[in-house]
Amino acid sequence: MTEPLSGQAAVDQLLEVLDLEQLDAATFVGESPQTGAQRVFGGQVAGQALVAAGRTVDPDRLVHSLHGYFVRPGDPTEPIRFSVETIRDGRSFSVRRSTAQQHGKTIFFMSASFQVREEGLDHHTPAPDGVPGPDDVPTMADWVRKYPSRRAAFNAAPRAVDVRYVNDPGWVPPGDRNASDQQRVWMRVNGKLPDDPLLHACALTYASDLSLLDSVLSVHGESWGPGGVIGASLDHALWFHRLFRADNWFLYDCTSPSASGSRGLASGRMYTEDGVHIASAVQEGLLRRVGERK
């Protein structure tokens, strides 16, 4: 098996994935990296949809929120066509609707809002205390050495983001995962990104889908995969509070307020290493026992 790209090479591949081909003023086409995955990674299509929307907006207007729905699984072997509708351009805000399609059917759609920079009230909830730093927790390679049976799943996962779990990853085998009300993960894009704020927002969008639903399983000490649970993202929302760099470490502090009806709700807050709250995420996912109907 060919070793997947990592480090700056994986980041450069991510930048290529986010660099959509523009067909006209409101139509773009994106590709997926050929990782062997059976469906397009949700964070990828969300990040690409945000790129498409952002390219139709004045660069002085920064994205402050997005709300998206995953409608159908994406085919990683086929290009994705993004159509952007201009909903409104006001004095301070621009709103766009970005729709992703394959084979003539919608697989994802998103509303995104952009705002000119303004000054105003400023406060945020402090970062959690006592969380070990990114250099003090295991790397993904450390986890794979402990659980070599999970290497195939690890190799098929996106590698442009350095992910370091403070507590157990969601794919730790059933019976080995400790239950916890929190799922805390350090993340950063594992290389250098250009200075464009839109690219950093798109990279954060990409990363935000990597571990958020883990927090639902964490409450129960459950795991992804054989002997555990399979799942898929249903919707995803992000709010960007302050400027940041996605290639610097940030703590993704996630919890799950509710799970019922084969669905789980997860929320997360992202903090820089020095405790600045940069973004918030909410996602609902479909969660079923392995072997249940799809």
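In the block above lies the structure referred to throughout.
Given the structure is predicted, the values throughout are model-derived calculations rather than measurements.

(A) A look at helix α1 (residues 7-18). Given a rise of 1.5 Å per residue, twelve residues ought to cover 16 Å, and the 17 Å separating the end C-alpha atoms of α1 matches this to within 8%. All of the buried residues along α1 are Gly7, Ala10, Val11, Leu14, Leu15, Val17 and Leu18. Considered in projection along α1, the buried side chains sweep an arc of 155° and stay on one side of the axis. The secondary structure elements touched by the buried residues of α1 are α2 (42-54), β8 (183-189) and α5 (197-208).

(B) Fine view of the nonpolar core. If you look at the biggest cluster of nonpolar residues, it comprises 70 residues, and the most contacted ones within it are Val45, Leu50, Phe82, Phe108 and Phe240. Among all residues touching Phe82, those that are not within four sequence positions of it are Leu20, Ala26, Thr27, Phe28, Gly30, Val45, Gln48, Ala49, Ala52, Ser98, Thr99 and Ala100. If you look at the next biggest cluster of nonpolar residues, it comprises five residues, including Val131, Trp186, Trp249 and Leu251.

(C) Inspection of the sheet that holds strand β12 (residues 277-289) at higher detail. Pairing is antiparallel across the open sheet formed by twelve strands, whose spatial order is β1-β2-β4-β5-β6-β3-β9-β12-β11-β10-β8-β7. Edge strands, defined here as strands with exactly one partner in the open sheet, are β1 (21-24) and β7 (161-165). Across the sheet, the axes of successive neighbouring strands diverge by a mean angle of 25°, strand direction being ignored. α5 contacts β3 (61-70), β7, β8, β9 (229-240), β10 (250-260), β11 (263-272) and β12 of the sheet and is inclined by roughly 150° relative to β9.

Reading the values: the criteria
Residues numbered from 1 in each chain as written. Predicted model: local features only at pLDDT ≥ 70, side-chain atom pairs only at ≥ 80, totals over all residues. Heavy atoms only, no water. Helix = DSSP H or I, 4+ residues; strand = E, 2+ residues; numbered from the N terminus. Expected span 1.5 Å × (residues − 1). Buried < 20%, exposed > 50% of the residue type's maximum accessible area, 1.4 Å probe, protein only. Arc of directions from axis to C-beta. Contact = heavy atoms within 4.5 Å. Core = buried A, V, L, I, M, F, W, Y, C linked by side-chain atoms within 4.5 Å. Pairing = 2+ DSSP bridges. Axes fitted to C-alpha atoms, helices over the stretch in contact; angles between N-to-C directions.

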